[in-house]
Amino acid sequence: MSLHTHHQLRPPNGQPIFERSHVLGGPSLRDLVGEGLAALRQMRFRPRVVHLGPVPLGDGHPVIVLPAFLCSDMMSRNFRDWLAALGYAVQGWGAGVNIGPTANAVAAVDRILRRSTERSGRKASLVGVSLGGVLARALANAHPDKVRRVITVCSPFRLPTASPLEPFYRALAPLHSGEQLMLERLTQPPPVPTTAIYSPKDGVVAWRSCVDIPGPERENIAIEGAHHTTMLANPKTLRVIAERLALQEPTAASD
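Scoring rules and cut-offs
Residues numbered from 1 in each chain as written. Predicted model: local features only at pLDDT ≥ 70, side-chain atom pairs only at ≥ 80, totals over all residues. Heavy atoms only, no water. Patch = residues over 30% accessible without salt bridge, like charges linked within 9 Å, V, L, I, M, F, W, Y side chains within 5 Å. Areas by Shrake-Rupley, 256 points an atom, 1.4 Å probe, with all protein chains shown as cover. Salt bridge = Lys/Arg side-chain N within 4 Å of Asp/Glu carboxyl O. Lys, Arg positive; Asp, Glu negative; His and termini not counted. Charge placed at Lys NZ, Arg CZ, Asp CG, Glu CD. Helix = DSSP H or I, 4+ residues; strand = E, 2+ residues; numbered from the N terminus. Buried < 20%, exposed > 50% of the residue type's maximum accessible area, 1.4 Å probe, protein only. Pairing = 2+ DSSP bridges. Phe/Tyr/Trp six-rings, centres within 6.5 Å; stacked < 30°, edge-to-face > 60°. Lys NZ or Arg CZ within 6 Å of the ring centre and 35° of its normal. Axes fitted to C-alpha atoms, helices over the stretch in contact; angles between N-to-C directions. Contact = heavy atoms within 4.5 Å. Arc of directions from axis to C-beta.

**A closer look at a positive patch on the surface**
Item 1. The grouping of Arg-111, Arg-114, Arg-115 and Arg-119 at the surface amounts to a positive patch.
Item 2. Position of Arg-115 among the secondary structure elements: in helix 3 (residues 103-120).

Below you can see the structure in the form of structure tokens.
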């Protein structure tokens, strides 16, 4: 099936993946410029230490970090090293550059979750950045028995969204043979604790599509003034992630 026209980029409920009526209030030109400048600053000053103060240490459970669209594990290496230093068994997704929901990408996240939980004998927490967070929520819906919690960072999981990266996503759409399966897994919030971190000044995706439906074990946390491209270097974001990962695993309610 061809996916070249925008009318065909639709999730199972019939809504388009991308919204063009400006109802969502997508990223502005000023926001886009700010994202670019923020990314340049981070590349220039990356060696600087981020001072967070004391944060909770990890308990050794597996944490899987899923990268953003057009990014790879290399982009989250410093973040994963930091999580490992806190005491978690951290893994990337190991599937190269995230070009969207290809069959290989969907199979890769399923595979790494299965291997990680089987090896450790414990549930894994998922931390997904942008599109990586969309994959993380879909994965948690498919395998809730293997997922401890999900933390999304600027992830547009509530469709439709709006993004200046839409043309790139559309160009790669013929490769997205796993898109339907991913979208089918997004029809409901995951039945595990979720934290959705977002920026009201996001310059890459419409921030409203990154906010979860209110409900038990779901929270939305705004990082004011933060940039989409540098969220994993933001001290406030890092503190939230460390604190949420350190929370004890919820116990199943007794019948």
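Let us keep going from here.
**Overview of the pairing of strand 1 (residues 62-66)**
For a regular strand, side chains alternate in direction, first toward one face of the sheet and then toward the other.
Item 1. Here strand 1 lies mainly inside the structure; five of its five residues are buried.
Item 2. What you see with strand 1 is no split at all: Pro-62, Ile-64 and Leu-66 on one side and Val-63 and Val-65 on the other are buried throughout.
Item 3. Examined bridge by bridge, strand 1 and strand 2 (residues 89-91) share three bridges and lie parallel to one another. Counted as the bridge partner of Ile-64 is Gln-91 from strand 2.
Item 4. Relative to strand 3 (residues 124-129), strand 1 runs parallel, the two being bridged by four bridges. Its bridge partner being in strand 3, Leu-66 is matched across the sheet by Gly-128.

**Some words on the packing of aromatic side chains**
Item 1. Here the structure, examined in full by the defined rule, presents four aromatic pairs.
Item 2. With a centroid separation of 5.9 Å and 55 degrees between ring planes, the pair formed by Phe-69 and Tyr-169 is classed as tilted. With Phe-69 in the loop between strand 1 and helix 2 (77-86) and Tyr-169 in helix 5 (residues 166-172), this residue pair connects regions lying 100 residues apart in the sequence. Accessibility classification places Phe-69 together with Tyr-169 in one group, the buried group.
Item 3. Among the aromatic residues, those joined into a ring-pair cluster are Phe-18, Phe-69 and Tyr-169.
Item 4. The ring of Phe-157 carries the charged tip of Arg-137 above its face, separated from the ring centre by 3.7 Å.

**Considerations on the sheet that holds strand 5 (residues 194-198)**
In sheet architecture, strand pairing relies on hydrogen bonds along the backbone and comes in two forms, parallel and antiparallel.
Item 1. The six strands lie next to each other as 2-1-3-4-5-6, forming an open sheet whose pairing is parallel. Each edge of the open sheet is held by one strand with a lone partner, namely strand 2 and strand 6 (218-222). Taken over all neighbouring pairs, the strand axes of this sheet differ in orientation by 15 degrees on average, direction set aside.
Item 2. Contacts from helix 7 (residues 235-245) reach strand 1, strand 3, strand 4 (147-153), strand 5 and strand 6 within the one sheet, and its direction differs from that of strand 4 by about 170 degrees.

**Topic: helix 2**
Item 1. Three or more residues of helix 2 are buried, namely Phe-79, Arg-80, Leu-83 and Leu-86. Buried residues of helix 2 fall within an arc of 115 degrees about the axis and therefore sit on the same side.
Item 2. Contacts from the buried residues of helix 2 go to strand 1, strand 2, strand 3 and helix 7.
Item 3. Within two residues after helix 2, Gly-87 carries a phi angle of roughly 120 degrees, on the positive side.

**As for the pattern of salt bridges**
Item 1. All chains considered together, the criterion is met by ten salt bridges.
Item 2. With its nearest N and O atoms 3.1 Å apart, the salt bridge here joins Asp-212 to Arg-137. Of the two residues, Asp-212 sits in the loop between strand 5 and strand 6 while Arg-137 sits in helix 4 (residues 131-142), which places them 75 residues apart along the sequence.
Item 3. With a relative accessible area of 5%, Arg-137 lands in the buried category.

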